[in-house]
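Summary of the model geometry
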Amino acid sequence: MKATLDHIGIAVKDLAAALAFYRDALGLEIEAPEEVASQHVRAHFVPVGESKLELLEATSPESAIAKYVDKRGPGLHHITLRVDDVRGAIAHLKARGARLIDDSPREGAEGSLIAFVHPAATHGVLVELKQSTVDSRQSTVSRRSEVTRYGLGDLELISVCDGFIRFDGGAMFGVVPKALWEKQAPADARNRITLAMRPLVIRGARTMIVDAGLGDKENDRFCEIYGVERARNLDHTLAEAGLAPEDIDIVLASHLHFDHAGGFTKRGPDGRLRPRFPRAQYVVRRGEWEDATHPHARNRASYLLDNYVPLADAKVLQLVDDDQTIMPGVKVRRTGGHTMHHQLIEIESAGKTAAFVADLMPTAAHAPDPWLMGFDLYPMDTLAAKNRFAREAVEKGTLVFFEHDPAMVAGYIREIDGKRSIQPAS
Ligand SMILES: [Zn+2]
Ligand SMILES: [Zn+2]
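Below or above, wherever it landed, is the structure these notes cover. Since the model is a prediction, treat every value here as computed from it, not as a measurement.

1. A few points about the overall build of the chain
- Within the chain, the regular secondary structure consists of eleven helices and 26 strands.
- The C-alpha atoms of the chain give a radius of gyration of 23 Å, which matches the 22 Å a tight globule of 426 residues would have.
- The dimensions of the chain, computed from C-alpha atoms along their principal axes, are 75 × 45 × 40 Å.
- The burial tally for the chain puts 52% of its 426 residues in the buried class.
- Here the chain displays about 19200 Å² of accessible surface, and carbon together with sulfur accounts for 51% of that area.
- For the chain, the distance from the average site of its 53 positive side-chain charges to the average site of its 60 negative ones is 2 Å.

Printed below as a string of structure tokens:
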């Protein structure tokens, strides 16, 4: 039987103190936390080479971790060994008289199968056996497609999701070596990483949606190349948020790439393309519109005319020239960089600020200045805009929405000793 060390679980009593050691003193990267609601536990994975540490934080006094810490204090909780076939491993151990907690496998995180071996058999250490159903590294990416609501002064911000897409990891991280980025974003066998497509609904004086994901117009070949997973998509998540397409007054575009503007139009029963939100005005930056309707060899694959030309035909298009307020509390600001006229959305109410940064900082992993996308047309402009934005966000405590992060919907930018990181918003 072949077993590889997957991770070591450490029960933690005071997470801030644990982070002060593992993150700040040891200088290790902490992944976005995973909430295991059924076990009242929040897990913070810390990659250490081929395996990981898992800091386990109880979220309720009933949690097994809380009981463990009460009884013995914080410390080593379990080790997890990865096996190819957990059923085979169970049979193998049983045949050799080892005492097991689980006689048959149960479901773990991300579709893995797990079984615990009793500490009596392991000389005092709780051992978890784990069989990943997918590539073991992919399985560590938790994907979140739920609807999340945030209050910001008088505004309500609702993160919705149009599913997931896979882009080439190298293109997503530009000159950053894979040896570094793959720890943040594990690649599949075709070197693709998983990205969410998460538009943001803003409810205030009007109801606005910023970007609209990929939509459903693309063919099987496209969906295969980009690993599109839209079994749960914007239709579902909008409905879950209590919204119908007719409720949207304004559709605002960060830019017109297909993973942001694909959901702007849809094909009707007659085969004709029409606006997906029937009552909405679509607000697009004029420079972006000009570029998107006159693509060149370098950006043609990203600009698909069917996603936005029908808006002009339907006379629901409103082009804006400069940075300005689109509805009370919602402003656009050009960043350039990713595309010449890419813009971020600044949201402010009652002294509180949030921002939807689109492809300026597509995932939390893109927080450091030099982590720039190979897709960016003007990377030095992205760098300048990101640096400026991050400084302001730290100062104002801005809640930042990450449109493409598979696991983290939103977070706060922190800067400690010049090192930038993201603290997930709860
Ligand atoms: Zn883009
Ligand atoms: Zn994008």
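That covers the picture; the talk isn't over yet.
2. Points about the sheet that holds strand 8 (residues 127–131)
- Overall, mixed pairing links the eight strands, which are arranged 2-3-4-1-5-8-7-6 in an open sheet. Of all strands in the sheet, those bounded by a partner on one side alone are strand 2 (34–36) and strand 6 (106–107).
- Strand direction decides the pairing type here: strand 1 (residues 3–12) and strand 5 (residues 75–83), joined by eight bridges, are antiparallel. Of the residues in strand 5, the one forming a bridge with His7 is Thr80.

3. Quick notes on the environment of Ile345
- Residue position: Ile345 is located in strand 22 (residues 343–349).
- Along the sequence, Ile345 and Tyr378 sit 33 residues apart, while their C-alpha atoms lie 20 Å from each other.
- Ignoring anything within four residues of it in the chain, the contact list for Ile345 reads Ile202, Val210, Leu252, Ser254, Val330, Lys331, Val332, Ala354, Ala355 and Phe356.

4. Some remarks on the coordination of the zinc ion (ligand 2)
- The protein atoms donating to the zinc ion (ligand 2) are Asp259 (OD), His260 (NE2), Asp359 (OD), Asp359 (OD) and His404 (NE2), with metal-donor distances spanning 2.1 to 2.7 Å.
- In the primary sequence, the donor residues of the zinc ion (ligand 2) line up as D-H-x98-D-x44-H.

5. Concerning the pairing of strand 14 (residues 207–210)
- Taking every second residue as pointing to the same face, both faces of strand 14 are buried, with Thr207 and Ile209 on one and Met208 and Val210 on the other.
- For strand 13 (residues 200–203) and strand 14, the ladder comprises four bridges, and the chain directions are antiparallel. Across the sheet, the residue bridging to Val201 is Ile209, located in strand 14.
- Where strand 13 folds back onto strand 14 in an antiparallel hairpin, the turn is made up of three residues.
- Bridge count between strand 14 and strand 15 (residues 250–252): three bridges; the pairing is parallel.

6. Side note on the sheet that holds strand 9 (residues 148–152)
- With respect to topology, seven strands assemble into an open sheet ordered 9-10-13-14-15-18-19, the strand pairing being mixed. A single partner strand is all that each edge strand has here, and the edge strands are strand 9 and strand 19 (317–320). Each adjacent strand pair in this sheet contributes to an overall mean axis angle of 25 degrees, direction not counted.
- As judged from the four bridges shared by strand 10 (residues 155–159) and strand 13, these two strands associate in the antiparallel manner. Counted as the bridge partner of Glu156 is Arg203 from strand 13.
- Here helix 9 (residues 286–293) sits on the sheet and contacts strand 18 (281–285) and strand 19; the angle it forms with strand 18, its principal contact strand, is near 85 degrees.

7. A closer look at the packing of aromatic side chains
- Per the counting criterion, the structure on display carries twelve aromatic pairs.
- Summarising the aromatic geometry, the rings of Trp289 and Tyr308 are spaced 5.8 Å apart at their centres and angled 70 degrees between planes, so their arrangement reads as edge-to-face. Of the two residues, Trp289 sits in helix 9 while Tyr308 sits in the loop between helix 9 and helix 10 (309–313), which places them 19 residues apart along the sequence. By the burial criterion, Trp289 is buried, and Tyr308 matches it.
- An aromatic cluster of at least three residues, connected via ring pairs, comprises Phe167, Phe222, Tyr226, Phe258 and Phe375.

8. Some words on the coordination of the zinc ion (ligand 1)
- His255 (NE2), His257 (ND1), His338 (NE2) and Asp359 (OD) make up the full set of protein donors to the zinc ion (ligand 1), lying at 2.1 to 2.2 Å.
- Each donor residue of the zinc ion (ligand 1) belongs to the same chain, and together they define the spacing H-x1-H-x80-H-x20-D.

9. Focus: the pairing of strand 1
- The pairing of strand 1 with strand 4 (residues 51–58) spans six bridges and is parallel. The partner of Ile8 across the bridge, within strand 4, is Leu53.

10. A look at the pattern of salt bridges
- Summed over all chains, the structure comprises 26 salt bridges.
- Glu29 serves as the salt-bridge partner of Lys419, at 3.6 Å between the closest nitrogen and oxygen. A residue pair is termed long-range when its members are at least 10 positions apart, and Lys419 in strand 26 (residues 419–424) and Glu29 in the loop between helix 1 (15–25) and strand 2 qualify at 390 residues.
- With relative accessibility at 48%, the residue Lys419 sits in the partly exposed group.
- Given a relative accessible area of 42%, Glu29 falls into the partly exposed group.

11. Topic: the environment of Asp376
- Among the structural elements, Asp376 can be located in the loop between strand 23 (352–356) and helix 11 (379–396).
- The exposure class assigned to Asp376 is buried, which follows from its relative accessible area of 3%.
- Sequence-wise, Asp376 and Ile416 are 40 residues apart; in three dimensions their C-alpha atoms are separated by 27 Å.
- Excluding anything up to four places from it in sequence, Asp376 contacts Arg298, Gly337, His338 and Thr382.
- Within the local environment of Asp376, its side chain forms a polar contact with the side chain of His338, the two groups lying 2.8 Å apart.

12. Looking at the side chain of Thr353
- With respect to the helices, strands and loops of the structure, Thr353 is situated in strand 23.
- For Thr353, a relative accessible area of 11% translates into the label buried.
- There is a polar contact of 2.8 Å between the side chain of Thr353 and the side chain of Thr398.
- The contacts of Thr353, once residues within four sequence positions are left out, are Leu152, Ile347, Glu348, Lys396, Gly397, Thr398 and Leu399.

Rules and cut-offs
Residues numbered from 1 in each chain as written. Chains lettered and ligands numbered in written order. Predicted model: local features only at pLDDT ≥ 70, side-chain atom pairs only at ≥ 80, totals over all residues. Heavy atoms only, no water. Helix = DSSP H or I, 4+ residues; strand = E, 2+ residues; numbered from the N terminus. Rg over C-alpha atoms; globule rule 2.2 N^0.38 Å. Buried < 20%, exposed > 50% of the residue type's maximum accessible area, 1.4 Å probe, protein only. Areas by Shrake-Rupley, 256 points an atom, 1.4 Å probe, with all protein chains shown as cover. Lys, Arg positive; Asp, Glu negative; His and termini not counted. Charge placed at Lys NZ, Arg CZ, Asp CG, Glu CD. Pairing = 2+ DSSP bridges. Contact = heavy atoms within 4.5 Å. Donors = N, O, S within 2.8 Å, 3.2 Å for Na, K, Ca; no water. Axes fitted to C-alpha atoms, helices over the stretch in contact; angles between N-to-C directions. Phe/Tyr/Trp six-rings, centres within 6.5 Å; stacked < 30°, edge-to-face > 60°. Salt bridge = Lys/Arg side-chain N within 4 Å of Asp/Glu carboxyl O. Polar contact = N/O pair within 3.5 Å; in protein donor to acceptor, adjacent residues only side chain to side chain.

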